[in-house]
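Close look at the chain arrangement
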Amino acid sequence: MSSGDGLAAARAAVAAIQDLESGPEALNAFLAVADVDELTLLNADGPLAGVPLAVKDNIATLDLDTTCGSKVLEGYRSPFEATVVRRAREAGAVVVGKTNMDEFAMGSSTENSAYGPVLNPHDRTRVPGGSSGGSAAAVAAGLVTMAFGSDTGGSVRQPAALCGVVGMKPTYGRVSRYGLVAYASSLDQVGTFGRSVADSARLMDVIAGHDDRDATSARRLVPDLEAAAGRGVEGLVVGLPKEYVSRLLDDDMRASINTAVDALRDAGAQIHEVSLPHAKHAIPCYYVIAPAEAASNLSRYDGVRYGVRRPGDDLVSMYEATRSAGLGPEVKLRIMLGTYVLSAGYYDEYYGTAQRARRLITEDFGRVFAAGVDVILTPTTPGPAFELGERTDDPLEMYLSDVFTVPANIAGIPGISVPIGRVRGLPVGAQILAPWWQEERMVAGAGALEAAFGVGGA
Amino acid sequence: MSVDKDHAATIASLARLRFDDDELTKITAELNQVLSHVETLKGLEVDDIPHDEDPLEGEGDATRGEAADTPDALRRDLDELAPDALDGFFVVPPLPGMHAEEAD
């Protein structure tokens, strides 16, 4: 430790954030920055001792506001702290700020934040991805060592790929959701960002495991993912879904993913083509299930208990005035979608069909893994970071940014994105998906890719 | 299936949202764009797949895997709650202090 009190790195991080964000190169990655005099180190000997940590703004913290990137929660201070934050602090991490995000995690570019978009540190005319764009940009810019995000349809893996860092989503149930503001509860998981696979894994190791406060968190032994990062891939059977590679990829992206395939083969892995025939239904399935859950989860923002309130003539008009003023356009669209697909007469046609599709998508993965495939390799995104404003007028085109990441949330399996170099000068990532509870395999695969391409894919 | 502005206004009312006319026109168009993409699900042969099962059951089960090995302390055997049946009704043990004859 370079400082007597162990807070030197966190103090330096706060100073670096303030310096960058107040200057001409500002990224708008942070919605709140900790007061340097109030930084606290709970454990000077823990596995994260003194590590500066950024927390996505939909994860509750006691000492900083939790706005979810929304006006409706402007100034909201949670009376309790998320389990993941508590565990990270108990392991020695120092929370230095809350990161900007698409409002309520609904978006793929961080342009849906009520507090302005985050810029990609590799090219400030481009998006950092989303919805955890602030966390990914903060790690990519070197402002923090590690960060928390949340991943409902790819919101950790996709921005990790576009910013050239590592982002990991665990198996559904591996990590407590207590204190993670709910978007779509059957899909949401907290994920971790790091510059390296080992950093991302170390943070995951600290937060994984059952929590009495989240009934969906699993009573399972927690693996040592940091150790798995250096395990290698000798004999690992890697599946390459033909449907993923053939669709939506331009030639540069296809060439890039082929270099990842070659790297894994050179490191001793066996590559097999596999088929996930229902994966193409993942996006329409997601855009029924996630909005349906969101319409229910976000009904609580009515001006009664949280954040802002707009006056009305009666109770219902107060609800409507508050929600109409406090929520942004994308959130309203998803609430409308969810309300529609759950309404009488349409429920089975949309929601019932989507739940059945979810079963088919999940069974595809089960079949491939049962056939002896250890992990599945895909591109994380169809291409590198797109320009700010390029997709804001077309919700469907924006949704397709997550075409490769959404299936893992639908099925509940874990996934990791790791940098594999650049396409047209911008970072891109490979995604490795593993069977339920087998995060060690995907981390080993990611470690092998990192060894081949270098940290950050440089 | 496409949604018109009147229908969108009804959905907005259910969702406790309020839109002016221009906003309603825009969100109706966006709703229809997303719903037309969702319609592609209709080509799936899903009729024999139950939709009300827990989608996370089975291999991906988060809560009932190893935990199921330990009996739930609150779980009661059904026979214990309803030991007998008569005329299509459960016969339950009398409450303390109540005679079975009086309960008839």
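Please refer to the structure placed before this passage.
Reading the values: the criteria
Residues numbered from 1 in each chain as written. Chains lettered and ligands numbered in written order. Predicted model: local features only at pLDDT ≥ 70, side-chain atom pairs only at ≥ 80, totals over all residues. Heavy atoms only, no water. Helix = DSSP H or I, 4+ residues; strand = E, 2+ residues; numbered from the N terminus. Polar contact = N/O pair within 3.5 Å; in protein donor to acceptor, adjacent residues only side chain to side chain. Contact = heavy atoms within 4.5 Å. Core = buried A, V, L, I, M, F, W, Y, C linked by side-chain atoms within 4.5 Å. Buried < 20%, exposed > 50% of the residue type's maximum accessible area, 1.4 Å probe, protein only. Pairing = 2+ DSSP bridges. Axes fitted to C-alpha atoms, helices over the stretch in contact; angles between N-to-C directions. Phe/Tyr/Trp six-rings, centres within 6.5 Å; stacked < 30°, edge-to-face > 60°.

Our next topic: the side chain of Thr152 of chain A. Residues and elements named next belong to chain A. Among the structural elements, Thr152 can be located in the loop between strand S4 (146–151) and helix H4 (157–163). Engagement of the side chain of Thr152 in a polar contact is seen with the side chain of Asp188, the distance being 2.5 Å. Ignoring sequence-local partners within four residues, the contact set of Thr152 consists of Tyr183, Ala184, Leu187, Asp188, Tyr286 and Asn409.

Take the nonpolar core next. All names here are of chain A. One finds Phe104, Phe148, Phe365, Leu377, Val443 and Leu449 to be the most contacted residues of the largest nonpolar core, which totals 137 residues. Among the elements that line this core, the one with the most residues is helix H9 (residues 282–297), at 10 residues. Apart from the residues within four sequence positions on either side, Phe365 is in contact with Tyr244, Leu276, Ile376, Pro407, Ala411, Ile413, Leu433 and Trp436. Counting 29 residues, the second-largest nonpolar core is a separate cluster that includes Leu20, Val96, Ala136 and Val156.

A word on the sheet that holds strand S7 (residues 237–241) of chain A. Residue and element names in this part refer to chain A. With respect to topology, 11 strands assemble into an open sheet ordered S1-S3-S2-S4-S6-S5-S10-S11-S9-S7-S8, the strand pairing being mixed. Since the sheet does not close on itself, it has two edges, and those belong to strand S1 (30–33) and strand S8 (270–274), each with one partner. For this sheet the average axis-to-axis angle between neighbouring strands, irrespective of direction, equals 30°. In this structure, S1 lies alongside strand S3 (residues 94–99), joined through three bridges in antiparallel fashion. By the bridge assignment for S3, Val33 is matched with Gly97. Where helix H15 (residues 439–453) meets the sheet, it contacts strand S5 (166–169), strand S9 (375–379), strand S10 (415–423) and strand S11 (426–433), and its direction lies at approximately 15° from that of S10.

Right, let's talk about the side chain of Glu330 of chain A for a bit. Mapped onto the fold, Glu330 of chain A is located in helix H11 (residues 329–341). If near-sequence neighbours (up to four positions away) are discounted, Glu330 of chain A is found in contact with Met106, Asn112 and Tyr399 of chain A.

This next bit is on the packing of aromatic side chains. Two measures describe an aromatic ring pair: the distance that separates the ring centres and the angle between the ring planes. All names here are of chain A. In this structure the tally under the stated criterion is 10 aromatic pairs over all chains. On the numbers, 4.8 Å between centres and 35° between planes, the contact of Phe104 with Tyr301 is tilted. On the criterion of sequence distance, the pair formed by Phe104 in the loop between S3 and helix H3 (133–140) and Tyr301 in the loop between H9 and helix H10 (315–326) is long-range, its members being 197 residues apart. Tyr301 carries the same exposure label as Phe104, and that label is buried. Between Tyr287 and Tyr399, the aromatic rings sit 3.7 Å apart at their centres with planes inclined by 5°, giving stacked as the arrangement. Of the two residues, Tyr287 sits in helix H9 while Tyr399 sits in helix H13 (residues 395–399), which places them 112 residues apart along the sequence. In this structure, Tyr287 and Tyr399 share a single accessibility class: buried.

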